[in-house]
Amino acid sequence: MHDAPTVPTIPGWRLIISDAGRFWAIRNRAFPRTALRAGTEPTVDADTFEEVREAVAKQEEKARDAVEGVPS
């Protein structure tokens, strides 16, 4: 019996890996309106898991800054 491969995760985001191997992350809950107005993206994509994880972190930081009123 073989163990299933571990699928990487990003808390609060749904991860999709395309047939071509591209990574997509979609936020599970909507960003606050203030964050969306600041240009925060609830969907990001990248070639690798590390890159998509970095893209998610940037969006979360941008959302936090928008909500807290700190310019990016």
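Asker: Even after reading the chapter, I still don't get the packing of aromatic side chains, so can you show me in this structure?
Answerer: By convention here, two paired aromatic rings are described through the distance between centres and the angle between planes. The tally for this structure, following the rule as stated, stands at 2 aromatic pairs. With centroids separated by 6.1 Å and ring planes inclined at 65°, the aromatic side chains of Trp 13 and Phe 31 adopt a geometry described as edge-to-face. Of this pair, Trp 13 sits in strand S1 (residues 13-17) while Phe 31 sits in the loop between strand S2 (23-27) and helix H1 (33-37), and the two are 18 residues apart along the sequence. Looking at Trp 13, the relative accessible area reads 5%, which means it is buried. We classify Phe 31 as buried; its relative accessible area is 4%.

Asker: Looking at this structure, how should I read the sheet that holds S1?
Answerer: Sheet strands pair by backbone hydrogen bonding; their relative direction is either parallel or antiparallel. Pairing is antiparallel across the open sheet formed by 3 strands, whose spatial order is S1-S2-S3. Here the strands that pair on one side only, and so sit at the sheet edges, are S1 and strand S3 (43-46). Within this sheet the neighbouring strands show an average axis-to-axis angle of 20°, counted without direction.

Asker: Explain the pairing of S1 here, please?
Answerer: Working note: regular strand, side chains alternate between the two faces of the sheet. Pairing between S1 and S2: 5 bridges, direction antiparallel. Paired with Trp 13 across the strands is Arg 27, a residue of S2. With antiparallel pairing between neighbouring strands as the criterion, S1 and S2 make up a hairpin whose turn holds 5 residues, including Gly 21 at a positive phi of roughly 90°.

Asker: Quick question: what am I supposed to make of the side chain of Gln 59 here?
Answerer: By the element assignment, Gln 59 lies in helix H2 (residues 49-68). One polar contact links the side chain of Gln 59 to the main-chain amide nitrogen of Glu 41, over a distance of 2.6 Å. With residues near it in sequence (within four places) discarded, Gln 59 still touches Trp 13, Phe 31, Gly 39, Thr 40, Glu 41 and Val 44.

Asker: When you look at the pairing of S2 in this model, what are you seeing that I'm missing?
Answerer: The sheet contact formed by S2 and S3 spans 4 bridges and is antiparallel. Within the sheet, the bridge partner assigned to Ile 26 lies in S3 and is Thr 43.

Asker: Would you explain the nonpolar core in this entry?
Answerer: Generally speaking, nonpolar side chains in soluble globular proteins are found buried as a group. Formed by 15 residues in total, the largest nonpolar core has its most connected members in Ile 10, Trp 13, Leu 15, Ala 25, Val 44 and Val 52. Going through the elements one at a time, S1, S2, S3 and H2 are the ones with two or more residues in this core. Broken down by element, this core gets its largest block of residues, 6 residues, from H2. With residues up to four places along the chain from it excluded, the contact list for Ile 10 reads Leu 15, Phe 49, Val 52, Arg 53 and Val 56.

Calculation rules
- Residues numbered from 1 in each chain as written.
- Predicted model: local features only at pLDDT ≥ 70, side-chain atom pairs only at ≥ 80, totals over all residues.
- Heavy atoms only, no water.
- Phe/Tyr/Trp six-rings, centres within 6.5 Å; stacked < 30°, edge-to-face > 60°.
- Helix = DSSP H or I, 4+ residues; strand = E, 2+ residues; numbered from the N terminus.
- Buried < 20%, exposed > 50% of the residue type's maximum accessible area, 1.4 Å probe, protein only.
- Pairing = 2+ DSSP bridges.
- Axes fitted to C-alpha atoms, helices over the stretch in contact; angles between N-to-C directions.
- Polar contact = N/O pair within 3.5 Å; in protein donor to acceptor, adjacent residues only side chain to side chain.
- Contact = heavy atoms within 4.5 Å.
- Core = buried A, V, L, I, M, F, W, Y, C linked by side-chain atoms within 4.5 Å.

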